[in-house]
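Descriptive analysis of the structure
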Amino acid sequence: MENHKLQYSLLFILLIPCWIIASHYDIDLVNLYVAAGYTHTDLTRVYAQNGNYGRWFYPPFSLVLIHPLGAAPYVIVKWFWICLQTVAYVFFWYGLYQLYPKLKEKDFLWAWIL
């Protein structure tokens, strides 16, 4: 059990810099948010060149997925996005543990530290 506590602690420690980076830097979320906003105002601008925001290269059905994001203020969308990424991170590691039970074994602990 102690082995699992150390692994979970390392995973949590790795998550902290991800939260800091996500809260301070707007990498792709700005482009996504601008495209979502255009789905509410001017749909023809989504696939056009939009200055610093770039172009939307994803298929049209993806606009259905991001459409609700354009209705909320950017700060709410940003924290929702960080929460969504955190949930994805947790499910990724949970799935990896399920696929590879050897990750839980005591003799595999040094692989976590490396």
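Notes on the structure follow. Residues take numbers from 1 onward in each chain, read along the sequence in its written order. Totals for whole chains, interfaces and linings use every residue, but because this is a predicted model, local features are given only for residues with pLDDT of at least 70 and side-chain atom pairs only at 80 or more, for both listing and counting. No hydrogens and no water enter the side-chain calculation; it runs on all heavy atoms of the structure.

Helix and strand labels come from DSSP, where a helix needs a run of H or I of at least four residues and a strand needs a run of E of at least two; each type is numbered from the N terminus. When helices and strands are counted, the protein shows 5 helices and 0 strands. Each helix (α) and strand (β) of the protein, taken in turn from the N terminus, gives the series α-α-α-α-α. Relative accessibility decides the category of a residue: with a 1.4 Å probe and only protein chains considered, values under 20% of the type maximum give buried, values over 50% give exposed, and everything between is partly exposed. Of all 114 residues assigned to the protein, the portion counted as buried reaches 27%. Within the protein, contacts between residues separated by at least 24 positions form 63% of all contacts whose residues are at least 6 apart in sequence. To be clear on the numbers: accessible area is Shrake-Rupley with a 1.4 Å probe, and residue cover counts the displayed protein chains and nothing else. Surface accessibility of the protein: about 8400 Å² in total, with carbon and sulfur atoms responsible for 71%. The contact rule is simple, with two residues in contact once any of their heavy atoms fall within 4.5 Å.

This brings us to the environment of A72. With respect to the helices, strands and loops of the structure, A72 is situated in the loop between helix 3 (61-66) and helix 4 (74-99). Put simply, A72 and Y33 are 39 residues apart on the chain and 9.5 Å apart in space, counted from C-alpha to C-alpha.

Time to look at a nonpolar patch on the surface. A grouping of F12, I16, W19 and I20 is seen on the molecular surface, where their side chains present a nonpolar patch of about 360 Å² in accessible area. Position of I16 relative to the elements: it lies in helix 1 (residues 2-24). Within this analysis, patches are made of residues with over 30% relative accessible area and no salt bridge. Like charges are joined at 9 Å or less; nonpolar side chains (Val, Leu, Ile, Met, Phe, Trp, Tyr) at 5 Å or less. Each reported salt bridge corresponds to a side-chain nitrogen of Lys or Arg within 4 Å of a carboxyl oxygen of Asp or Glu.

What follows is about the environment of L65. Considering the arrangement of structural elements, one finds L65 in helix 3. Taking the relative accessible area as the measure of exposure, L65 reaches 64% and is therefore exposed. Note: C-alpha distance between L65 and A36 (29 residues apart in sequence) is 9.0 Å.

Moving on, we come to the side chain of K78. Along the chain, K78 falls in helix 4. Setting aside anything within four residues of it in sequence, one finds K78 in contact with A22, S23, H24, D26 and L29.

The subject of this paragraph is helix 2 (residues 29-41). Here the expected span of a helix is defined as 1.5 Å times the quantity of residues minus one. Here helix 2 contains 13 residues, and its C-alpha end-to-end distance of 18 Å stays within 8% of the 18 Å for a straight helix at 1.5 Å per residue. Among the residues making up helix 2, those that are buried are L29, L32, V34, A35, A36, Y38 and T39. Those residues of helix 2 that are buried lie in contact with helix 3 and helix 4.

We call a set of buried Ala, Val, Leu, Ile, Met, Phe, Trp, Tyr and Cys residues a nonpolar core when their side-chain atoms join them within 4.5 Å. Core analysis: the largest hydrophobic core is formed by 12 residues, namely L29, L32, V34, A35, A36, Y38, V46, W56, L63, I66, L69 and V77. Broken down by secondary-structure element, the contributors of at least two residues to this core are helix 2 and helix 3. Element by element, the count of residues in this core is highest for helix 2, at 6 residues. With near-sequence residues (within four places) excluded, V77 lies in contact with L29, Y33, L69 and A72. By size, the runner-up hydrophobic cluster in this structure holds 6 residues, among which are L11, L15, Y89 and L96.

Here a Phe, Tyr or Trp ring, Trp counted by its six-membered ring, pairs with any other such ring whose centre lies within 6.5 Å, and the pair is stacked when the planes are under 30 degrees apart, edge-to-face when over 60, and tilted otherwise. This model, assessed by the stated rule, comprises 4 aromatic pairs. Summarising the aromatic geometry, the rings of F12 and W19 are spaced 5.8 Å apart at their centres and angled 75° between planes, so their arrangement reads as edge-to-face. Since its relative accessible area comes to 46%, F12 is described here as partly exposed. Measuring from ring centre to ring centre gives 4.8 Å for W56 and Y58, while their planes differ by 65°; the resulting arrangement is edge-to-face. Here W56 falls in the buried class, since its relative accessible area comes to 7%. For Y58, a relative accessible area of 52% puts it in the exposed group.

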